[in-house]
Amino acid sequence: MLANFKRPFAKFIKKAHKPLQLAIEDSVELICSNPEIGESKVGDLAGIRVYKFRFNRQEFLIAYRLLDSPLGEPTTHVDILIIDFYQVGLHENFYDTLKRYLRE
């Protein structure tokens, strides 16, 4: 399992206070242990999965994508699973910001 943290994700974690950082870390571990846990998106965000968790009575979202084998060839047995973590944050403007980031 290889987790790759994109710039917006790492930036949010750096600015967050310690208890929230730990909650995000727990969620990342949960996603890594069961990558299918998040809700699969369609349309502009096809291929992206979003996992929701609650912290201090607020709902946070984590956007991530499972990557195929390094050569892009589908395999029946995956030795290394790579997960790109794109963004974490509150629901407000989450999807708009994510779409903007993915277009860049």
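Computed from a prediction, not measured in an experiment: that's the story for all the values here.

A.B. asks: Even after reading the chapter, I still don't get unusual backbone geometry, so can you show me in this structure?
C.D. replies: Among all residues except glycine, the phi angle is most often negative; among peptide bonds, the trans geometry is most common. The phi angle at arginine 57 is positive, at roughly 60°, despite the residue not being glycine. Judged by relative accessible area, arginine 57 falls into the exposed class, the value being 80%. Backbone geometry places asparagine 93, a non-glycine residue, at a positive phi of 60°. Here asparagine 93 is to be found in the loop between strand 5 (82-90) and helix 3 (94-103). Look at asparagine 93 and you get partly exposed, because its relative accessible area is 46%.

A.B. asks: I tried to follow the pairing of strand 5 on my own but got confused; where do I start?
C.D. replies: Across the 9 residues of strand 5, 7 count as buried, placing the element largely inside the fold. The sheet contact formed by strand 4 (residues 58-67) and strand 5 spans 8 bridges and is antiparallel. Its bridge partner being in strand 5, leucine 66 is matched across the sheet by isoleucine 83.

A.B. asks: Looking at this structure, how should I read the confidence of the model for the chain?
C.D. replies: Do not read the predicted coordinates in detail wherever pLDDT is low. In the predicted model, the chain carries a mean pLDDT of 88, and the fraction of residues at 70 or more is 88%. Averaged pLDDT values over the elements of the chain bottom out at 89 in strand 1 (residues 2-5) and peak at 96 in strand 3 (residues 49-55).

A.B. asks: Is there a simple way to explain the pairing of strand 4 in this structure?
C.D. replies: For a regular strand, side-chain orientation follows a simple rule: the groups alternate between the two sheet faces. Sheet analysis places strand 3 next to strand 4, joined by 7 bridges and oriented antiparallel. Considered in strand 4, the bridge of phenylalanine 55 is made with glutamine 58. The turn joining strand 3 and strand 4, which pair antiparallel and follow one another in sequence, is formed by 2 residues; a positive phi near 50° is taken by asparagine 56.

A.B. asks: Just to check I follow, could you spell out the side chain of aspartate 84 for this structure?
C.D. replies: Structurally, aspartate 84 can be placed in strand 5. When its relative accessible area of 5% is taken as the criterion, aspartate 84 is described as buried. Non-local contacts of aspartate 84, meaning those with residues more than four positions away in its chain, are made with Asn4, Lys6, Ala63, Tyr64, Arg65 and Leu67.

A.B. asks: In this structure, what is going on with the environment of aspartate 44? I would like to understand it.
C.D. replies: Among the secondary structure elements, aspartate 44 is positioned in the loop between strand 2 (39-40) and strand 3. Taking the relative accessible area as the measure of exposure, aspartate 44 reaches 64% and is therefore exposed. C-alpha separation for the pair aspartate 44 and tyrosine 95, spaced 51 residues apart in sequence, amounts to 9.9 Å.

A.B. asks: Explain the environment of arginine 49 here, please?
C.D. replies: Structurally, the position occupied by arginine 49 is in strand 3. A relative accessible area of 14% means that arginine 49 is categorised as buried. Sequence separation between arginine 49 and phenylalanine 85 is 36 residues; the distance between their C-alpha atoms is 9.7 Å. Of the polar contacts made by the side chain of arginine 49, one reaches the backbone oxygen of glutamate 36; its length is 3.0 Å.

Thresholds, definitions, all that
- Throughout, a residue's number is its position along its own chain's written sequence, starting from 1.
- Confidence filtering applies because this is a predicted model: local features only for residues at pLDDT of at least 70, side-chain atom pairs given and counted only at 80 or more, and all residues used for totals across whole chains, interfaces and linings.
- Side-chain descriptors were evaluated using all non-hydrogen atoms of the structure, hydrogens and water having been removed beforehand.
- Categorising residues by exposure relies on relative accessible area from a 1.4 Å probe, with only protein chains included: less than 20% of the type maximum marks a residue as buried, more than 50% marks it as exposed, and the intermediate range marks it as partly exposed.
- A run of DSSP states H or I qualifies as a helix once it reaches four residues; a run of E qualifies as a strand once it reaches two. Both are numbered from the N-terminal end.
- At least two DSSP bridges between two strands are needed for those strands to be called paired.
- Confidence of the predictor at the level of single residues is given by pLDDT, which spans 0 to 100.
- Working rule for contacts: check all heavy atoms of both residues, and any pair within 4.5 Å makes them a contact.
- Here a polar contact is taken to be a pair of N or O atoms separated by no more than 3.5 Å, where protein atoms must pair a possible hydrogen donor with a possible acceptor and residues adjacent in sequence count only if both atoms sit in side chains.

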